[in-house]
Structure formats: structure tokens, C-alpha cells
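Letter by letter, the chains look like this.
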Amino acid sequence: MLVNAAPLLLLLAADSTSANVLKRASGFAARHTKSLARDLRLAFGGVLPRSDAQQVIYCKNSAAALSDSSGSGSTGLGSGSGSSGSGSAGGKSSSTATGSAAGATASSAWHLTQSYSGSTFFDGFSFWNTADPTHGVVDYLDQSDGEAAGLVEINSAGNAVMRVETTPTVASVRKSIRITTLQSFTGGLVIMDAVHMPTGCGTWPAFWSNGPDWPTGGEIDIVEGVNNYTDNQATIHTAPGCSLTSDDPATLGASASVVTGGTDCAAATSGNAGCGMRSPSNVSFGAPFNDNGGGVYAMKWDSSGISVYFFERNSVPTDIENGAPQPTSWGLPMANWPAADCNPWTYFYTHVAIFDTTLCGDWAGSVWTGTGVPGQDQSCATRTGFSTCDAFVAASGASFAEAYWEVKSLKFYNTTAAL
Ligand SMILES: *[C@@H]1O[C@H](CO)[C@@H](O)[C@H](O)[C@H]1NC(C)=O
Ligand SMILES: *[C@@H]1O[C@H](CO)[C@@H](O)[C@H](O)[C@H]1NC(C)=O
Ligand SMILES: *[C@@H]1O[C@H](CO)[C@@H](O)[C@H](O)[C@H]1NC(C)=O
């Protein structure tokens, strides 16, 4: 598993013209030592058949995340990474709250609380510029270095782009981007619209959220996968005591299948695998997602539990497009972790959202020779001719031309009704 995310604020003024109200939010990650992660990987690799080993998920957070959250107070990971822009972003969020108050209508109980899009998209984030907690071969850049390297931009369509370095050969690591929202949230509705996501052998992108003191504050992986995967996997990672009531999707109220063995969500007792659910949609992740024009992911976190919805580009509900989301009209979520066996307020709190793209590391690197997951009928070792992920990354810059996020918007909504 992995984690990451991003938001926007000032666009609220534009959104308020629709006379709608909007709100919401959510997220997570985990902490473990490098040696623990390696031990777990070895343990799973030795015990599980190959196809199951591919389904092991690794937590995105680690030592760096822990030190971050310990110093950031209510804003979570964001302030720990030292962004120079955090002050102004706080001001923006205040203005959005003002806008939303006037726009409530009966059409949706949800009102916008934070919006990240357009030219100010990155103002609401801090840039992670220390080591990757998940041991990928990346060099995460701060905002100014990222812009100078051409890896961070708002493109002509007004979308936020985060790329990976495509220099033909590098010694070991490639430059990449990982961003964290400055604002945190505990419950709500998060809606992320992307037209492109990173894909290809060696990549491990994620859009996720996490709380403090991983895994105590919980982690919610909304969009995550590796290599050539085509079916998204959403996962939660928690402190001990949170589980799924069943591994039957019909019982859970979800369209996704439960990843093998994934009913104990505790990081400590599940080998960091958590409770993962794999989408039945082969356009929910990777190259097919991009070829299809991307889509919208929504994560709802309230007293009923935590749910993730996916809408492919030509099926985005009009209530989302109109900024007046009505989750009760969306039908079955892709993933659902009911409150019954996992209290959503006990195991999750004070999340920040994160977008990242790492390379190899705990997940993409460990399944380099694996097959048996949708999109991965052939292993990346076979496909690329490189026996290790790290060697492929060092020698194959052109292969990372598709390893970029292009995000239209990230919006948080809340409700005046009880969460
Ligand atoms: C929604 O409101 C609750 C209660 O004030 C707050 O804890 C939470 O962070 C809010 N979520 C969002 C997304 O604004
Ligand atoms: C799989 O990954 C390889 C290496 O990045 C890439 O060349 C290829 O296009 C990918 N295939 C699909 C179907 O995504
Ligand atoms: C993707 O799924 C659809 C059904 O939803 C199916 O018709 C199609 O063959 C699948 N494509 C691949 C490449 O598996």
C-alpha cells in the first residue's frame, strides 16, 4: 500500500456561482522501519504463491512520516516538510469557507470547504523533499527545484502536472514529486479529478491520506498500484482492532474484491498489508485510465464508515460536475470499510491528502518479477529485459514519459448534517 494527496482553495469563489453548497474530506499512511518492511516483504514472498504475493500492499509512510506528523500539529504532514507557502494557503482556506456559507441549497447536504485547481493548485500543498519512506529510487524535489526541472507545472489546460525525470540514464535515483495538503480533515468527502496518472514498469503512484503517528491516525489509500496494473486498489491501514466484517463484497456493500487475506486492517498484524480492495474496472488505473480520459475518485468518510467511489470519464455524475455531490445517488461504492468492525473516528483522524510517484521501492520493486494481477500478465522483468527494477529505472529515462499525474482538481466537502 501507499499513500498521498492534494487540494485547492480559492476556486470556491467560482464554485459559489452555482448556488450550491459543498464540503467534505479524508486520508492516511503508516510508519514502519526499513528493516521491518523488508522482513515483511521477505515473509510474504516466501509464504504466498506468486499471484498472492503480488497483492501484498505496502504502507507508503515510514520514519519520515512519523517525524513529520510529530511536529506539525493539526495540519499534519504538511507543515513538517517546510513549505514556504503555508502561510498564504491558510488564508485562502478561510476565504473558501466564507464562500460556501452563502451557497447552500437543498440539492446537496454537502458544501465545499477546500478546493485546489488551476493556477493556485500547488499553493495548498507542501512539497516533500526528504527520503522516500517507502524506499523508492526517487529524489523528491521541493517546489522551486521541481519547477526548474520542468517536473511541476500548471499546463495550458489549467491542470496540475507532476512528472518524473526522463534523463536517459541516472546513477540511481530519478527526480520526482510528492505533495501533501497543508490542511487536515477528520471526516468528510474528498473528490479528485485526474485526466492522467503515472504508469509503466517501475512506477508506484498513489493518491492517499494519512493521520499522525502512523498507523495510529490511520491511512486511506484511494488510488494506488504499481507497474502496468490496470485495476485500482484502495486500502486502509490502521492500529490494531480494525477489521472487515467479511471478505464478501456483497456483504460489505462494495463492487471491488477483497485482496487475499485482507480482513485484518492493522498494520502490525497484517504485515502492513492492511485491508485492500481491488476495483473490477480495467480503466480505473494506469494506461487504460489515461487512454479513457481519466476519471473521478471520491472518498467518503462518515459515521457509516469509509467508502471509495470511482467514475470513469464518461460516467461522472452530474451532481459532482455541478459541485453539489449527492453520494446517496451514486450506487455501490468500489470499496467500502463499514463502521461495524472499524470505528471511523477511532482509527482515523486528522488526515492530510497526498499525491506521489515513487519508483521501485517496497511495492513496485518487490513484484518486479511477478504476474497474475490485472494488467500484469507479463512481468516487468520479462517486458523490459532488466532483472531488477532499480537497474531499469537507472537506464531507461524515456520509459518514464508516461509517469506523470495531471490533476484537474481536488475538492473537499463537508455536510451540515452529522457526519
Ligand atoms: C468537516 O467538519 C468536521 C467537524 O467540524 C471536521 O472535523 C472535518 O475536518 C471537516 N471535514 C472537511 C473535509 O472539511
Ligand atoms: C508496461 O510497461 C512498459 C514499460 O514501462 C511499457 O513500455 C508498456 O507500454 C506498458 N504496457 C502497458 C500495456 O501499459
Ligand atoms: C475491460 O473490461 C471490459 C468489461 O468491463 C471488457 O469488455 C474488456 O475486454 C476488458 N479489457 C481488457 C483489456 O481486459
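As a reminder, the structure under discussion sits directly above these lines.
The paragraphs below set out a description of the structure included in this document. Only a predicted model underlies this, so the values are computations on that prediction, with no experimental measurement involved.

## Quick notes on the overall build of the protein
1) Next: Across its full length, the protein carries 13 helices and 18 strands.
2) Next: Residues classed as buried in the protein amount to 61% of the 419 residues present.
3) Next: Long-range pairs, those at least 24 residues apart, make up 80% of the contacts in the protein between residues at least 6 apart in sequence.

## Details of unusual backbone geometry
1) Next: Cis geometry marks the peptide bond from Trp 214 to Pro 215; its omega dihedral reads 5°.
2) Next: Counting through the fold element by element, Pro 215 comes out in the loop between strand 9 (203–210) and strand 10 (219–224).
3) Next: In this structure, Asn 227 is a non-glycine residue whose phi angle is positive, near 55°.
4) Next: Relative to the elements of secondary structure, Asn 227 occurs in the loop between strand 10 and strand 11 (233–237).
5) Next: By the C-beta count within 10 Å, which is 27 here, Asn 227 ends up buried.
6) Next: You will see that Thr 350, though not glycine, has its phi angle at about 50°, which is positive.
7) Next: Positionally, Thr 350 belongs in the loop between strand 16 (335–338) and strand 17 (352–359).

## Focus on the pairing of strand 8 (residues 188–196)
1) Next: The buried fraction of strand 8 is high, at 7 of 9 residues.
2) Next: Looking at chain direction, strand 8 and strand 14 (residues 295–302) are connected through 7 bridges and run antiparallel. Looking at the pairing, Met 192 lines up with Tyr 297 of strand 14.

## Observations concerning the sheet that holds strand 17
Pairing between sheet strands relies on hydrogen bonds along the backbone, with the strands arranged either parallel or antiparallel.
1) Next: On the basis of which strands lie adjacent, the open sheet formed by 8 strands has the order 2-7-17-9-10-11-13-12 and antiparallel pairing. Because the sheet does not close on itself, it has two edges, and the strands there are strand 2 (125–127) and strand 12 (257–258).
2) Next: Note: strand 10 against strand 11, 3 bridges, orientation antiparallel. Counterpart to Asp 221 in the pairing with strand 11 is Thr 235.

Quick notes on the rules
- Residues numbered from 1 in each chain as written.
- Chains lettered and ligands numbered in written order.
- Predicted model: local features only at pLDDT ≥ 70, side-chain atom pairs only at ≥ 80, totals over all residues.
- Helix = DSSP H or I, 4+ residues; strand = E, 2+ residues; numbered from the N terminus.
- Buried ≥ 20, exposed ≤ 12 C-beta atoms within 10 Å, placed from the backbone.
- Contact = placed C-beta atoms within 7 Å.
- Pairing = 2+ DSSP bridges.

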